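A structural walkthrough
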There are 2 protein chains.
Amino acid sequence: MIDICKKVSSVRGALALRGRIEEIVDQVWEEGLKNLCWLGIGGTWASCLQAVCHMKERSRLETFAINAAEYCTTGDRRIGAGTCLIFSSVSGTTKEIVEAVEKAKAAGVRTLGFIDNAEAELAALVDASITYPGNEQLKFFMVADRFMQHEGVMPEYDAMYAQFDQYLPEALVAVEQEADAFARSFAEAHMRDALHYFVGAGTLYGATYSYGMCYWEEMHWLRTKSIHAAEFFHGMLEIVEEDTPVTVFIGEDAQRPLGERVARFLPKVCRNYTVIDTKDYALPGIDAQYRPAVCHLVMHAVTNRIDAYLVELTGHDMSLRRYYRKIEY
Amino acid sequence: MIDICKKVSSVRGALALRGRIEEIVDQVWEEGLKNLCWLGIGGTWASCLQAVCHMKERSRLETFAINAAEYCTTGDRRIGAGTCLIFSSVSGTTKEIVEAVEKAKAAGVRTLGFIDNAEAELAALVDASITYPGNEQLKFFMVADRFMQHEGVMPEYDAMYAQFDQYLPEALVAVEQEADAFARSFAEAHMRDALHYFVGAGTLYGATYSYGMCYWEEMHWLRTKSIHAAEFFHGMLEIVEEDTPVTVFIGEDAQRPLGERVARFLPKVCRNYTVIDTKDYALPGIDAQYRPAVCHLVMHAVTNRIDAYLVELTGHDMSLRRYYRKIEY
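Residues numbered from 1 in each chain as written. Chains lettered and ligands numbered in written order. Predicted model: local features only at pLDDT ≥ 70, side-chain atom pairs only at ≥ 80, totals over all residues. Heavy atoms only, no water.

1. Regarding helix H12 (residues 295-314) of chain A
Its 20 residues give H12 of chain A an end-to-end C-alpha distance of 28 Å, which sits within 8% of 28 Å, the value for a rise of 1.5 Å per residue. Looking one or two places after H12 of chain A, you find Gly-315 of chain A, whose phi comes out positive at around 75°. (Helix = DSSP H or I, 4+ residues; strand = E, 2+ residues; numbered from the N terminus. Expected span 1.5 Å × (residues − 1).)

Encoded structure:
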């Protein structure tokens with residue numbers, strides 16, 4: 001059962017953050033911006049990759065993702081005065097994120113944190129914080145899009161968000177409904193896979209990475225490998241055999257051809273592949289030209305349903321952890 | 001049998017390229033540099049990641065890696081006049097690389113290509129090309145280090161390379177000899193693994209990525225997953241069980257603690273792990289302070305021996321391909 005009201009109101013509430021996001025971004029823009037840095041680790045790192053990929057299509061700003069643990073060790077001398085650092089943390093207590101934000105602050109960086117737990121000490125550390133559960137990718141894209149509007153490379157900003165505000169919450173729930181039968185059969189077919197490959201490109205690369213590692217590995221305890229569609233043809237293809245389970249995530253941004261190329265190749269050598277193409281989902285009310293900006297949310301809606309059926313079929317509770325925050329390391 | 005003379009002379013010849021590399025870099029530096037872009041795909045992409053990670057420890061320059069297929073689709077508006085683009089290609093015919101170099105040229109970028117095949121059309125397309133077989137990472141690091149010397153963040157450049165010129169070729173061959181017995185036992189233990197995990201950080205992350213994908217998958221047809229040590233604790237750890245084969249590559253750069261953390265964790269939950277620590281290899285003649293700059297070459301020397309034993313034990317020819325450049329896709 002899809003809890004329609006809850007899901008619609010979750011996305012609607014996230015979209016309603018836009019006024020506050022605009023205030024924060026506008027102030028940063030006015031003060032002057034040297035570069036825009038997205039900080040994450042694990043699942044939030046994947047969201048950073050998505051935001052950067054989204055911006056690269058248009059922006060001339062210097063924008064990049066940095067992994068919190070790498071920043072804490074190697075550092076990054078591009079991060080300093082004039083940097084705006086954006087991150088998201090559900091708990092607000094992830095060790096690497098807290099340490100990285102402290103380090104960035106000491107380097108004179110302005111920080112915007114989406115911290116779902118308003119009580120976390122981290123919330124007091126940042127220049128601006130926004131507390132609202134879930135919808136991390138949508139939050140990041142709203143920040144990215146506002147910066148791009150200021151830069152003058154997103155003239156459709158107002159019209160696009162007017163449409164998202166009106167139609168996106170219901171449209172994404174409709175995706176879950178459309179995907180429901182597929183998701184059940186996919187979960188049935190692959191719930192016992194010894195190793196499942198996920199391939200994707202563009203803003204969906206982050207989705208393949210986090211879906212493989214943060215959902216299947218961490219939450220379902222199923223082994224995966226995620227690979228960028230650009231890289232698939234430079235190594236991984238050689239271990240694809242007739243029965244190898246491979247799923248290709250195809251989106252609608254500029255890197256769509258990279259996913260399509262993998263989808264064209266697979267039938268030649270494999271009979272156990274699946275293509276999930278966001279284009280197959282209707283998104284009523286959303287113009288074709290705005291779909292690239294939300295195709296990662298469409299994929300997330302599809303995988304939500306797969307997760308639901310994996311839980312139903314395997315009985316494995318997604319909140320169960322063997323080691324994470326359970327033993328010292 | 002390790003062909004000592006051949007290996008020593010290969011590294012010696014690569015180091016001898018430094019004069020020509022300096023000429024090229026010096027000219028770029030004099031003309032003015034906006035940013036430094038490393039272009040690759042597959043194995044060469046991994047080398048780009050290594051070069052960028054190496055530079056990040058010290059440099060304030062804007063430097064980044066870009067995947068050729070991503071650049072050809074999404075593009076990158078930071079790449080243009082004032083960009084110096086560096087790449088390596090053995091064949092000089094890799095489709096994505098050729099297309100990306102053409103696109104960069106059209107954007108007004110200066111290009112330096114290490115193209116092992118001097119006859120390739122690509123060699124005529126670049127502003128500067130250097131033809132010498134193998135040693136891709138060493139070539140890249142020589143470029144990176146010369147830029148960092150100009151920037152004033154590598155005062156030890158002359159002294160370090162004087163030592164490398166004198167001792168590095170023999171020191172790396174000595175690593176292969178020191179690693180030989182270990183490499184045989186490792187190959188024996190893991191040649192039948194259904195899935196092997198490689199974990200690494202810093203300049204060794206590129207090594208784990210390419211060793212997993214370009215060596216084990218593409219050349220040995222053995223399944224792997226490579227994961228950054230920073231990311232290991234945010235998902236992958238949950239699927240490590242007592243018998244899961246996991247190998248940690250530990251280097252000597254600033255991210256060493258990230259690899260060490262994984263190495264400390266594994267014995268708590270797994271009995272089938274291996275730690276390969278570059279620090280265990282002597283490198284006679286090389287000062288401790290210069291080891292971080294070459295630890296990736298040490299790891300490469302170790303994995304060379306593993307490859308040799310995998311071939312000997314499995315009889316699988318590393319030049320065999322199922323699909324790559326064999327079927328259309």
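Following the structure, the description resumes.
2. Describing the interface of chain A and chain B
Accessible area lost when the parts come together is the quantity often used to give the size of an interface. Taken together, the contact between chain A and chain B spans 63 residues of the former and 63 residues of the latter. Considering only the surface of chain A that becomes buried against chain B, Arg-77, His-234 and Glu-238 of chain A emerge as the three largest contributors, covering 13% of it. Across the chain A-chain B interface, the total number found is ten salt bridges. Here Glu-241 of chain B makes a salt bridge to Arg-322 of chain A, at a shortest N to O gap of 3.2 Å. Across the chain A-chain B interface, the total number found is 46 residue pairs in polar contact (both at pLDDT 80 or more). (Contact = heavy atoms within 4.5 Å. Buried area = accessible area lost by both parts, 1.4 Å probe. Salt bridge = Lys/Arg side-chain N within 4 Å of Asp/Glu carboxyl O. Polar contact = N/O pair within 3.5 Å; in protein donor to acceptor, adjacent residues only side chain to side chain.)

3. As for the sheet that holds strand E9 (residues 273-277) of chain A
Residues and elements named next belong to chain A. Taking strand neighbours across the sheet as the criterion, the four strands line up as E7-E6-E8-E9 in an open arrangement whose pairing is parallel. Sheet topology places strand E7 (224-228) and E9 at the edges, where each strand pairs with a single neighbour. Put simply, the sheet's adjacent strands are angled 20° from each other on average, direction ignored. Bridge count for strand E6 (residues 196-200) against strand E8 (residues 246-250) is four bridges, and the pairing is parallel. Counted as the bridge partner of Phe-198 is Thr-247 from E8. Lying over the sheet, helix H9 (residues 203-217) contacts E6, E7 and E8, oriented at roughly 170° with respect to E7. Here helix H11 (residues 256-269) sits on the sheet in contact with E6, E7, E8 and E9, set at roughly 150° to E8. (Pairing = 2+ DSSP bridges. Axes fitted to C-alpha atoms, helices over the stretch in contact; angles between N-to-C directions.)

4. Brief notes about the nonpolar core
Ranked by size, the top nonpolar core spans 104 residues in total, and within it Phe-232 of chain A together with Phe-232 of chain B carry the most contacts. Those residues in contact with Phe-232 of chain A, other than ones at most four positions away along the chain, are Val-199, Ile-227, Leu-237, Val-240, Val-262, Phe-265 and Leu-266 of chain A. (Core = buried A, V, L, I, M, F, W, Y, C linked by side-chain atoms within 4.5 Å. Buried < 20%, exposed > 50% of the residue type's maximum accessible area, 1.4 Å probe, protein only.)

5. Things to note about the domain arrangement of chain A
Residue and element names in this part refer to chain A. Entries for chain A in the domain assignment read domain 1 (4-151) and domain 2 (166-314). The straight-line distance from the C-alpha centre of domain 1 to that of domain 2 is 25 Å. Overall, the association of domain 1 and domain 2 removes approximately 1,700 Å² of surface from exposure, summing both partners, and the carbon and sulfur fraction of that is 71%. Our count for the domain 1 to domain 2 interface comes out at two salt bridges. We note a salt bridge from Glu-170 to Arg-12, for which the minimum N-O separation is 2.7 Å. Inspection of the region where domain 1 meets domain 2 yields four residue pairs in polar contact (both at pLDDT 80 or more). Those elements that provide at least two residues to the side of domain 1 that touches domain 2 are helix H1 (4-15), helix H3 (43-56) and helix H7 (136-151). In terms of residue class, the side of domain 1 that touches domain 2 is built from ten nonpolar, five polar and three charged. (Domains from an automatic or database assignment. Nonpolar A, V, L, I, M, F, W, Y, C, P; charged D, E, K, R; others polar.)

6. With respect to the packing of aromatic side chains
Per the counting criterion, the structure on display carries 38 aromatic pairs over all chains. Consider the rings of Phe-198 of chain B and Tyr-211 of chain B, whose centres lie 5.4 Å apart with planes at 75°: the pair is edge-to-face. Here the residue Phe-198 of chain B occupies a position in strand E6 (residues 196-200), and Tyr-211 of chain B occupies one in helix H9 (residues 203-217), the gap between them amounting to 13 residues. Here the aromatic rings of Phe-232 of chain B and Phe-233 of chain B are separated by 5.1 Å at their centres, their planes lie at 90°, and the arrangement is edge-to-face. What links up through ring pairs into an aromatic cluster is the set Phe-182, Phe-186, Phe-198, Tyr-211, Tyr-215, Trp-216 and Phe-249 of chain A. We note Lys-103 of chain A situated over the ring of Tyr-71 of chain A; from NZ or CZ to the ring centre the distance is 5.3 Å. Over the ring of Phe-233 of chain A we find Arg-261 of chain A; its NZ or CZ atom is 4.3 Å from the centre of that ring. (Phe/Tyr/Trp six-rings, centres within 6.5 Å; stacked < 30°, edge-to-face > 60°. Lys NZ or Arg CZ within 6 Å of the ring centre and 35° of its normal.)

7. Regarding the side chain of Arg-78 of chain B
On the secondary structure map, Arg-78 of chain B appears in the loop between helix H4 (68-73) and strand E3 (83-89). In this structure, Arg-78 of chain B is in contact with Lys-56, Arg-60, Leu-61 and Glu-62 of chain A together with Lys-34, Asn-35, Glu-62, Phe-64 and Thr-83 of chain B, ignoring residues within four places of it in sequence.

8. Observations concerning unusual backbone geometry
Residue and element names in this part refer to chain B. Despite not being glycine, Asn-135 has its phi angle at roughly 60°, a positive value. Examined against the element boundaries, Asn-135 turns out to sit in the loop between strand E5 (128-130) and helix H7 (136-151). The phi dihedral of Leu-283 falls on the positive side, at around 50°, and the residue is not glycine. Tracing the chain through its elements places Leu-283 in the loop between strand E9 (273-277) and helix H12 (295-314). A residue is classified by how much of its surface remains accessible, and Leu-283, at 2% relative accessible area, is buried.

9. Overview of the sheet that holds strand E2 (residues 63-67) of chain B
All names here are of chain B. Reading across the sheet, the five strands line up as E2-E1-E3-E4-E5 and stay open at both edges, with parallel pairing between neighbours. Single-partner strands in this sheet number two, and they are E2 and E5. Across this sheet, the average inter-strand angle for adjacent strands is 20°, counted without regard to direction. As paired strands, strand E1 (residues 35-40) and E3 are joined by five bridges and run parallel to one another. From the neighbouring strand, Trp-38 faces E3, where its bridge partner is Ile-86. Packing of helix H3 (residues 43-56) onto the sheet brings it into contact with E1, E2 and E3, and relative to E2 it is tilted by some 170°. On the sheet, helix H5 (residues 95-106) packs against E1, E3 and strand E4 (110-115) and is oriented at approximately 155° with respect to E1.

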